[in-house]
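# Fold and contact review
Each chain is listed here by its residues.
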Amino acid sequence: MKTFLTSIFLLTVAATAQGDDLDAPAKMGKYNIVDSSMMECVYEHTIVDPEFTPNQYFAKKQSTMWILEIGKKASRYGLYPTYIRDSIFEADYNGRPTRREFHLVSDKLGHTRMTEQIKTMSDNKIKNFESIFMDWYYYEEPIPQMEWKLVAGTDEICGHECRKATTTFRGRNWTAWYTEEIQIDNGPWKFGGLPGLILKVEDNKKEHVFEAMQVRKSNRQFGNFIHSFIINTDRQKFNKMMRDYKWDAGSFIGNSPNMPTALDGTPAIKKNTRLFYNPIELDWE
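Just so we're clear, the structure is a prediction, and the values are computed from it rather than from any experiment.

## Topic: the overall build of the chain
- If you tally the helices and strands in the chain, you get five helices and 13 strands.
- Looking at the chain as a whole, 47% of its 285 residues qualify as buried.
- Across the chain, contacts joining residues at least 24 apart in sequence account for 61% of those joining residues at least 6 apart.
- Within the structure as shown, the chain displays about 15,000 Å² of accessible surface, and the carbon and sulfur contribution to it stands at 51%.

## Things to note about the side chain of arginine 170
- Take arginine 170: it is sitting in the loop between β8 (160–169) and β9 (172–179).
- Among the residues examined, arginine 170 registers a relative accessible area of 19% and is labelled buried.
- Here the side chain of arginine 170 touches glutamate 141 through a polar contact of 3.0 Å, side chain to side chain.
- With near-sequence residues (within four places) excluded, arginine 170 lies in contact with Glu141, Pro144, Lys190, Arg235, Ile280, Glu281, Leu282 and Asp283.

## Notes on the packing of helix α2 (residues 80–93) against helix α3 (residues 99–109)
- Where α2 meets α3, the closest approach of the two axes is 10 Å, and the angle between their N-to-C directions is 140°. Viewed along their axes, α2 and α3 form a crossing whose handedness is right-handed. For the pair formed by α2 and α3, the contact residues are Pro81, Ile84, Arg85, Ile88, Phe89 and Tyr93 on the first element and Glu101, Phe102, Val105, Ser106 and Leu109 on the second.

## Brief notes about the nonpolar core
- Membership of the largest hydrophobic core comes to 30 residues, with the highest contact counts inside it found for Trp148, Phe191, Leu197, Ile198 and Phe210.
- Elements that contribute at least two residues to this core include exactly β1 (30–48), β2 (61–71), β3 (74–79), β8, β9, β10 (197–203) and β11 (208–217).
- Among the nonpolar cores identified, the runner-up in size contains twelve residues, and Phe133, Phe238, Met242 and Ile269 belong to it.

## Focus: a negative patch on the surface
- Taken together, the side chains of Asp155, Glu156, Glu161 and Glu181 make up a negatively charged region of the molecular surface.
- Looking at where glutamate 156 falls in the secondary structure, it is placed in strand β7 (residues 149–157).
- Owing to a relative accessible area of 60%, glutamate 156 belongs among the exposed residues under this scheme.

## Observations concerning the state of the cysteines
- Taken as a whole and judged by the stated rule, the model has zero disulfides.
- The structure places no disulfide on cysteine 158, whose sulfur is separated from the nearest cysteine sulfur, that of cysteine 41, by 6.2 Å.
- With no disulfide of its own, cysteine 162 lies closest to cysteine 158 among cysteine sulfurs, the gap being 8.2 Å.

## Some words on the confidence of the model for the chain
- Summary statistics for the chain give a mean pLDDT of 87 and a share of 88% for residues scoring 70 or more.
- Overall, residues 1–19 carries pLDDT values under 50, and its contacts beyond four positions in sequence, including any with other chains, amount to 30 contacts.

## Here we look at the pairing of β11
- Pairing geometry for β1 and β11, over nine bridges, is antiparallel. Looking at the pairing, methionine 39 lines up with lysine 217 of β11.
- Two strands pair when backbone bridges link them, and β10 and β11 are joined in this way by three bridges, in the antiparallel orientation. From the neighbouring strand, valine 201 faces β11, where its bridge partner is phenylalanine 210.

## Quick notes on α2
- Over its 14 residues, α2 runs 19 Å from end to end, which matches the ideal 20 Å to within 8%, given 1.5 Å per residue.
- Along α2, the residues classified as buried are Tyr80, Thr82, Tyr83, Arg85, Asp86 and Phe89.
- Contacts made by the buried residues of α2 are with β1, β2, β3, α3, β11 and β12 (221–226).

## Let's talk about the side chain of arginine 76
- As for its placement among the helices and strands, arginine 76 is situated in strand β3.
- At a separation of 2.8 Å, a polar atom in the side chain of arginine 76 contacts the side chain of glutamate 116.
- Polar side-chain contacts of arginine 76 include one of 3.3 Å to the backbone oxygen of glycine 223.

## Section: the packing of aromatic side chains
- Taken as a whole, this structure holds 18 aromatic pairs when the rule is applied.
- A centroid spacing of 5.8 Å and a plane angle of 35° characterise the contact between tyrosine 139 and phenylalanine 238, whose relative ring orientation is tilted. Taken together, the positions of tyrosine 139 in strand β6 (residues 135–142) and phenylalanine 238 in helix α4 (residues 235–247) put the pair 99 residues apart, joining distant regions of the chain. The pair tyrosine 139 / phenylalanine 238 is uniform in exposure class, with both members buried.

## A short note on the pattern of salt bridges
- If you walk through the whole model with that rule in mind, you get 22 salt bridges.
- The shortest N-O distance in the salt bridge between aspartate 23 and arginine 100 comes to 3.3 Å. Taken together, the residues aspartate 23 in the loop between α1 (4–17) and β1 and arginine 100 in helix α3 connect sequence positions 77 residues apart.
- The class for arginine 100 is partly exposed, based on a relative accessible area of 43%.

Criteria and cut-off values
Residues numbered from 1 in each chain as written. Predicted model: local features only at pLDDT ≥ 70, side-chain atom pairs only at ≥ 80, totals over all residues. Heavy atoms only, no water. Helix = DSSP H or I, 4+ residues; strand = E, 2+ residues; numbered from the N terminus. Buried < 20%, exposed > 50% of the residue type's maximum accessible area, 1.4 Å probe, protein only. Contact = heavy atoms within 4.5 Å. Areas by Shrake-Rupley, 256 points an atom, 1.4 Å probe, with all protein chains shown as cover. Polar contact = N/O pair within 3.5 Å; in protein donor to acceptor, adjacent residues only side chain to side chain. Axes fitted to C-alpha atoms, helices over the stretch in contact; angles between N-to-C directions. Left-handed = near helix turned anticlockwise from the far one by under 90°. Core = buried A, V, L, I, M, F, W, Y, C linked by side-chain atoms within 4.5 Å. Patch = residues over 30% accessible without salt bridge, like charges linked within 9 Å, V, L, I, M, F, W, Y side chains within 5 Å. Salt bridge = Lys/Arg side-chain N within 4 Å of Asp/Glu carboxyl O. Lys, Arg positive; Asp, Glu negative; His and termini not counted. Charge placed at Lys NZ, Arg CZ, Asp CG, Glu CD. Disulfide = S-S within 2.5 Å. pLDDT = per-residue confidence, 0-100. Pairing = 2+ DSSP bridges. Expected span 1.5 Å × (residues − 1). Phe/Tyr/Trp six-rings, centres within 6.5 Å; stacked < 30°, edge-to-face > 60°.

In structure tokens form, the structure reads like this:
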């Protein structure tokens, strides 16, 4: 089932595509290669929004698939549908799909929100590429130095024996399971700092659970698309903007020329429309 955001995205695409040549090449932008992966880990990220009122589009619990591509110099963490989409474009369309093919493949994969993180070990930074509605944002931050406490307990995830550790980070208490069988300091999202790859991590309320579904060897170049227009910001400003958008989407994009309209010409997203949202980081204030 298409989500509410997918429907809104496609309404916007349909409106802007009228009069365009759908058989013309899609504007993919230039690709900045950062590293080549030696390993990939696919995670399921499950989120519970306890304050959200369920509707026909969303329940209180939602899951998305992500992929961590790990190289020797850097890593990339992004949505798995985006990874599949780009792989299809490269394999079937020589990396140059038409606008029609771009929208067709993206629609089938439910490719709705563009977001990715690049960790570069040489300068100890995370480069965050995020979007809110139709706008792209970029901010950098140091790779977090999480203070982990190793505790008793083991588990087996994806065939790997995992040890247990706990930490407090940006407003949440976390428990992680990492495997020393893969001695890579990395994990989903911004997690890392343990003597092995993190295969599962969850907060104490289980509102956010990241769990590995597959770990595999790889040899694939990765990086990020260079966008023609991007808004530079910082982490806390971006998190506040995302909160404002999710808590009142109609007001946030009310003056946007890309606001989709209903059949009667009124805005399709009304004021005081709260979207599904429970941020990972709680320190935006």
